[in-house]
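# Overview (structure and organization)
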Amino acid sequence: MRDTSNAPTPLPKGKLLLIALTREVSSTIDRCELTHVAREPIDLPLARRQHRAYEACLEARGCTIERLEELDLPDAVFVEDTALVLGELAIITRPGALSRRAETPTVAAALALHRRLGRIEPPGTLDGGDVLAVDRTLYVGRSGRSNDDGIDQLRALVEPLGYRVRPVEVRGCLHLKSAVTQVGDRSLLIHRAWTDGRGFEGLDLIDVAAGEEAGANALRIGGAVLYPSAFPRTRQRLADRGFQIVPVEISELAKAEGGVTCCSLIVPAR
Ligand code: CIR
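Summarised in this report is the structure supplied together with it. Because the structure is a prediction, the values reported are computed rather than measured.

### Focus on the sheet that holds strand 12 (residues 219-221)
Read from one edge to the other, the open sheet built from 3 strands follows the order 12-13-14, with strand pairing classed as mixed. The two strands at the open ends of the sheet, each matched to only one other strand, are strand 12 and strand 14 (245-248). Adjacent strand axes in the sheet meet at a mean angle of 30°, parallel and antiparallel pairs treated alike. Summarising the sheet, strand 13 (residues 224-228) and strand 14 pair through 4 bridges and their orientation is parallel. When the bridges of strand 14 are listed, Tyr227 appears paired with Pro247.

This is the structure in structure tokens:
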């Protein structure tokens, strides 16, 4: 089925619509957390060039980049995990990895300029990479990083605003959004070995191509889909369905288990 919702749309001219919070790749990224990928040397200058090119793609899709201050924390570039930004509020997470908790104060300070803040408190843990928002449904991965207490706290914060929270089982990967992301209004890109697709009734599920297991992480932005160049067969599958694909090379960030969603926090301007 062709998802016509994704037909290229003209970019807004001279009007601030989206802010993308990003952060420089840390000089200590080679000490990043890893869950299922074997550690490999990361070429820091190349990682930084790839990250700049990623930011340039976001700008080309209508985002204004707001760079957070650089931190000497290995995974600080992966800002997505530190917050969940909704129309009405931003929720500062409590990342599941201890080494990542010091990333949140600078994100909270930046988001406080744009949204009312909520917070996940101990003993809850939640990584933004585990939250897939489709309209007013928040699918939340029960992963090694996000626990039931964190999910319950999220529910208490957002249900009064009219959101539904749907826990989803994930296995074999880091986050829910390693396994499934949104590519069109009603279309998700999914790797079913990592999440089996139950719970997404009513949505069109597009499977990644065989041999491209890590290819389910795509970033839908400004009428297009930012997508890693490492997965050409899945990319073709998306293009055949009418999605406008913007390829990005993120080989060095992928060695840290990073994808295209995790390097930004998109804040729709109000
Ligand atoms: C971590 O393990 O936390 C980082 N090395 C990778 C985080 C990637 N985040 C994401 O996909 N949302």
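### Notes on the packing of aromatic side chains
The relative placement of two aromatic rings is captured by the distance of their centres and the angle of their planes. Inspection of every chain in the model, using the stated rule, returns 2 aromatic pairs. On the basis of an interplanar angle of 55° and a centroid distance of 4.7 Å, the ring pair of Tyr139 and Phe200 is categorised as tilted. Of this pair, Tyr139 sits in strand 7 (residues 137-142) while Phe200 sits in the loop between strand 10 (187-190) and strand 11 (204-207); the two residues are 61 residues apart in sequence, bridging distant segments of the chain. What makes Tyr139 buried here is its relative accessible area of 4%. Judged by relative accessible area, which is 2%, Phe200 ranks as buried.

### Let's talk about the pairing of strand 6 (residues 131-134)
Two strands pair when backbone bridges link them, and strand 6 and strand 7 are joined in this way by 4 bridges, in the antiparallel orientation. Within the sheet, the bridge partner assigned to Ala133 lies in strand 7 and is Leu138. As consecutive antiparallel partners, strand 6 and strand 7 are separated by 2 residues, and within that stretch Asp135 has a phi angle of approximately 55°, a positive value.

### Quick notes on the site of the ligand
Around the ligand, a shell composed of 13 residues is seen, among which Asp75, Glu80, Asp81, Arg145 and Ala256 lie nearest. For the ligand, a nitrogen atom lies 2.8 Å from a polar atom in the side chain of Asp81. Notes on the ligand: free accessible area 340 Å², of which the protein chains cover 97%. For the shell around the ligand, the residue count by class is 4 nonpolar, 2 polar and 7 charged.

### Considerations on the pairing of strand 4 (residues 89-92)
Neither face of strand 4 is exposed, since Leu89 and Ile91 on one face and Ala90 and Ile92 on the opposite face are all buried. Where strand 3 (residues 83-85) lies against strand 4, 3 bridges are found, and the strand directions are antiparallel. Opposite Val85, over in strand 4, you have Ala90 as the bridge partner. What sits between the antiparallel neighbours strand 3 and strand 4 is a turn of 3 residues. Bridging between strand 4 and strand 5 (residues 116-119) involves 4 bridges; their strand directions are parallel. When the bridges of strand 5 are listed, Leu89 appears paired with Arg116.

The rules behind these values
- All chains use their own residue numbering, which begins from 1 and follows the written sequence.
- Note on the predicted model: pLDDT of at least 70 is required for a residue's local features to be given, and 80 or more for side-chain atom pairs to be given and counted; whole-chain, interface and lining totals, by contrast, use all residues.
- The side-chain quantities take in all heavy atoms of the structure and omit both hydrogens and water.
- Here the rule is simple: two strands pair whenever DSSP picks up at least two bridges between them.
- Helix and strand definitions here come from DSSP, where helices need a minimum of 4 consecutive H or I residues and strands a minimum of 2 consecutive E residues; each element is numbered from the N-terminal end.
- For helices, the fitted axis covers only the stretch in contact; all axes are lines through C-alpha atoms, and the angles between them, taken along N-to-C directions, range from 0 to 180 degrees.
- Stacked, tilted and edge-to-face pairs are distinguished by plane angle, under 30 degrees for stacked and over 60 for edge-to-face with tilted covering the rest, among Phe, Tyr and Trp rings (Trp via its six-membered ring) whose centres lie within 6.5 Å.
- For every residue, the accessible area (1.4 Å probe, protein chains only) is compared with the maximum for its type, and the residue is labelled buried under 20%, exposed over 50%, or partly exposed between those bounds.
- Here a residue is considered near a molecule or strand provided that any single heavy atom belonging to it is located within 4 Å of it.
- Whenever a nitrogen or oxygen atom comes within 3.5 Å of another N or O atom, the pair is scored as a polar contact, on the condition that within protein one atom can donate a hydrogen and the other can accept it, and that pairs from neighbouring residues in sequence are kept only if both atoms are in side chains.
- Per-residue and other accessible areas follow the Shrake-Rupley method at a 1.4 Å probe size, with only the shown protein chains counted as cover for residues.
- In the scheme used here, Gly and all other residues not listed as nonpolar or charged are polar, with Ala, Val, Leu, Ile, Met, Phe, Trp, Tyr, Cys and Pro taken as nonpolar and Asp, Glu, Lys and Arg as charged.

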